[in-house]
Every structure is written in C-alpha cells, then in structure tokens.
Amino acid sequence: MAYPQRYHPLATAIATSGPSLSLHSSQGVSLGDTVTLRCHLPQPATRVELYQDGKWRSSKEMDQEQDMAEFSLTGIKQEDAVRYQCQYQGLEPAGISEKSEPVKLVVTDHSYPPPGISLSPKEHVEMGSNITIQCWNKKYGASFLLHKDGHSALIQQQEPDDGGTATFTLFGVNTADSGTYRCSYRIRGSYLLLSPLGDNVTLEVIPRPAPPGVNGGPSRDLVAAVPGACAAAIVIIIVLTASLLLVAQRKRMQSDLRPGATSRSPEAMQFQVSPGDSEGLTYAQLQAVTPSTHPPGSSTTPEPPIIYAEVGTRGPR
C-alpha cells in the first residue's frame, strides 16, 4: 500500500500519548447510512490517520490549534462493518503516536429476515422466578443477541443449537428485569453485520408481598401497636383514678368545714334488729367502755359509745 508523502508508520519514533476514537450516528447504523468518526488528540499534531481493520484508509492535515480530527464514512456497505483506529504525528514533541483503542462499527442489513422470539413460562411472574427467552433463525443466524428496549448494551449473547434456536435464561428475576425484549442475530460470514430486530416480548415482574412479621409486615405492626395501646390505656386509667380521688377528697374537706357540721365518731354505730310481729318493743341501753380517741393528757372526758338495739319481748315461736 502506498502511504502519503511525509508520513509512514515506521518513519519516526512512537510518541508517548495515544489518541481516542469515537463513533457518532443519529441512531443504529444501517447499510447506506453516513457515520462520523472523531479522533481526539492529547497534543498538537501535524497529521492524523484513520485505519480500517488495521489498514490505512484516509488521513487529514491538522492545524496547531485543532485537538480533533473528523472522518465521515458515507454510503456504508457490508465491508465497512469492521474495527477502526486512529493515529497522529505529533508536533512537539515530534513523533508518531500509538494507535487508539479500536472502535467497532456494527451495521444492520435489513435485507435479512428478523428472528422469531418466545418467552416462557409467562409474561407476568413473581420475583425470583426463572424466565426463558428463545430466539431462532435457522438459515442465517450465526449467533443471537438479546436486547432490552431502553438499554444500549446487550443483555446476553448465545450460540444457536442445531435447530437454529438460541435459549436465554434470566435467573431469579426482579422488578428491574421488567421490560420489552427483542432479538437480532449476527449474519454468517460477518461478525459486525446484524439482522434487523425481530418482534418483542414483554416481561412484567410482580413484587412478592412481604410475609407476616418480616420487614414491617402487618402482624409486626399489630404486635408493635398492642403494647403502645396498653400503655396509653394504663396512663388514662391512672389519670382518671387520681382525678376521682382528688374530687372525692375535696368534697369531704368542704363537708367538714361547713358551719354546723358535726363529725361522726367511728366508734358510734347503730345496729338495728329486724322487729318481729306487731308486738310491743322496749329499748335497752347498752353501754360499753371503749378506749378514748383523744390524745393523752387531754382534759376532755370521753363519752362512752352508746349502742342501740331493738329487742323483741317475745321468745321464738
């Protein structure tokens, strides 16, 4: 291969810092599209080269102020679905840089039929279930790719069996696995040439209800609520009892302090015996000497308590 004048990969020493290469496209790349490759430079360069699958493809002269070289690939063909790298010739320090990390250009060829897809055991499952997704195309599929809508990265890649079917298993799914899944396949003979996406299947993972007493389950809430309710009831009973005792004590104090009120001696008691028939009754005064309730040394002479009883004059019938 003829290289441009003033540049040859083996002409000078390798510079210390290599560039980085990025691929830009408005969406997935298909045959006939235009793709932009940008080579980002860590230092001023005089020239930048683009390599396709290890072979020189094109070059650009650079100004000192530029820190990026842009390459456009128009009318993408099947043979463009390969790896790309870039390299630059440094200004200060002078020398040839290392090549960048390779970037893969994946191209979709819509002339191939999309694969079939199925999901089992069902689309609505509980957390922890195992899900199987199968994709197939016996004629063209070299390997199959599982995609999830909204995710740029592949979920899984599987080789097909002899019948052209690839089986993907999702173990112990959780709510994050819910979503829409599709398949594509790599076309035989070209590692980066893919079929279009096929039909989709939708997986919905239902959260499993927490067992009683675990992580704040209903019974745990009930057990926690019972002691609290009992404590509140005890406090209310104590407050009400104290209030009633205070009210009763206040009434007794007011009764004792009322003018003309007489205190009743606890020793004075009146017993009443049920009378017999309509016979005459007499009263007998019974006296009993009891200890004085007054403090020692008091000049007051205690009165003996008087106990009255109704006594019948007639004996038993």
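Residues numbered from 1 in each chain as written. Predicted model: local features only at pLDDT ≥ 70, side-chain atom pairs only at ≥ 80, totals over all residues. Heavy atoms only, no water.

Draft legend 1. Structural view of the overall build of the protein chain. Tallying secondary structure elements over the protein chain gives one helix and 20 strands in all. Taking all 317 residues of the protein chain together, 29% fall into the buried category. For the protein chain, long-range pairs separated by at least 24 residues make up 63% of all intrachain contacts whose partners lie at least 6 apart in sequence. Of the roughly 20,900 Å² of accessible surface on the protein chain, a fraction of 55% belongs to carbon and sulfur atoms. (Helix = DSSP H or I, 4+ residues; strand = E, 2+ residues; numbered from the N terminus. Buried < 20%, exposed > 50% of the residue type's maximum accessible area, 1.4 Å probe, protein only. Contact = heavy atoms within 4.5 Å. Areas by Shrake-Rupley, 256 points an atom, 1.4 Å probe, with all protein chains shown as cover.)

Draft legend 2. Examining the packing of aromatic side chains more closely. A full pass over the atoms with the stated rule returns two aromatic pairs. Aromatic side chains Tyr 112 and Tyr 140 sit 5.1 Å apart centroid to centroid with 85 degrees between the ring planes, which places their arrangement in the edge-to-face category. Note that Tyr 112 is positioned in the loop between strand 9 (107-108) and strand 10 (116-120) and Tyr 140 in the loop between strand 12 (131-136) and strand 13 (141-148), a separation of 28 residues in sequence. The partly exposed category is assigned to Tyr 140, whose relative accessible area is 26%. Between the aromatic rings of Phe 144 and Tyr 185, the centroid separation amounts to 5.8 Å while the plane-to-plane angle is 55 degrees, which identifies the pairing as tilted. Here Phe 144 is found in strand 13, whereas its partner Tyr 185 is found in strand 16 (residues 179-187), with 41 residues between them in sequence. In this structure Tyr 185 comes out as buried when scored by relative accessible area, which is 0%. When the ring centre of Phe 71 is taken as reference, the NZ or CZ atom of Lys 60 above it lies at 5.7 Å. It is Lys 99 that lies over the ring of Tyr 51; its NZ or CZ is 4.0 Å from the centre. (Phe/Tyr/Trp six-rings, centres within 6.5 Å; stacked < 30°, edge-to-face > 60°. Lys NZ or Arg CZ within 6 Å of the ring centre and 35° of its normal.)

Draft legend 3. Fine view of the side chain of Arg 186. Secondary-structure assignment places Arg 186 in strand 16. The side chain of Arg 186 sits in the buried core without any salt bridge; Glu 159 is the nearest counter-charge, 7.0 Å away. A distance of 2.8 Å separates a polar atom in the side chain of Arg 186 from the backbone oxygen of Tyr 191. Setting aside anything within four residues of it in sequence, one finds Arg 186 in contact with Tyr 140, Gly 141, Ala 142, Ser 143, Leu 145, Leu 154, Gln 157, Tyr 191, Leu 192, Leu 193 and Leu 194. (Lys, Arg positive; Asp, Glu negative; His and termini not counted. Salt bridge = Lys/Arg side-chain N within 4 Å of Asp/Glu carboxyl O. Polar contact = N/O pair within 3.5 Å; in protein donor to acceptor, adjacent residues only side chain to side chain.)

Draft legend 4. View of the environment of Gln 156. By secondary structure assignment, the location of Gln 156 is in strand 14 (residues 156-158). For the pair Gln 156 and Cys 183, spaced 27 residues apart in the sequence, the C-alpha separation amounts to 9.9 Å. Not counting residues up to four positions away in its chain, the partners in contact with Gln 156 are Phe 144, Leu 145, Leu 146, Phe 168, Thr 169 and Leu 170. From its side chain, Gln 156 meets the backbone oxygen of Thr 169 in a polar contact 3.1 Å long.

Draft legend 5. Broad picture of the pattern of salt bridges. Going through the model one piece at a time under the given rule, you end up with six salt bridges. One salt bridge connects Arg 38 with Glu 70, and the closest N-O pair in it is separated by 2.9 Å. With Arg 38 in strand 2 (residues 35-40) and Glu 70 in strand 5 (residues 68-73), this pair connects stretches of sequence that are 32 residues apart. Its relative accessible area of 30% is what places Glu 70 among the partly exposed residues. Among the ionic pairs, Asp 80 bridges to Arg 57, the shortest N-O distance being 3.4 Å. Of the two residues, Asp 80 sits in the loop between strand 5 and strand 6 (83-90) while Arg 57 sits in strand 4 (residues 55-61), which places them 23 residues apart along the sequence. For Arg 57, a relative accessible area of 31% translates into the label partly exposed.

Draft legend 6. Structural detail: the state of the cysteines. Applying the stated criterion across every chain, the model contains two disulfides. There is a disulfide in this structure between Cys 135 and Cys 183, and the S-S distance comes to 1.7 Å. Placement of Cys 135 in strand 12 and of Cys 183 in strand 16 is noted, with a sequence separation of 48 residues between them. Judged by relative accessible area, which is 1%, Cys 183 ranks as buried. Listing the disulfide partners of the protein chain by sequence rank of the bonded cysteines yields 1-2, 3-4. (Disulfide = S-S within 2.5 Å.)

Taken by themselves, the reported measurements are silent on function.
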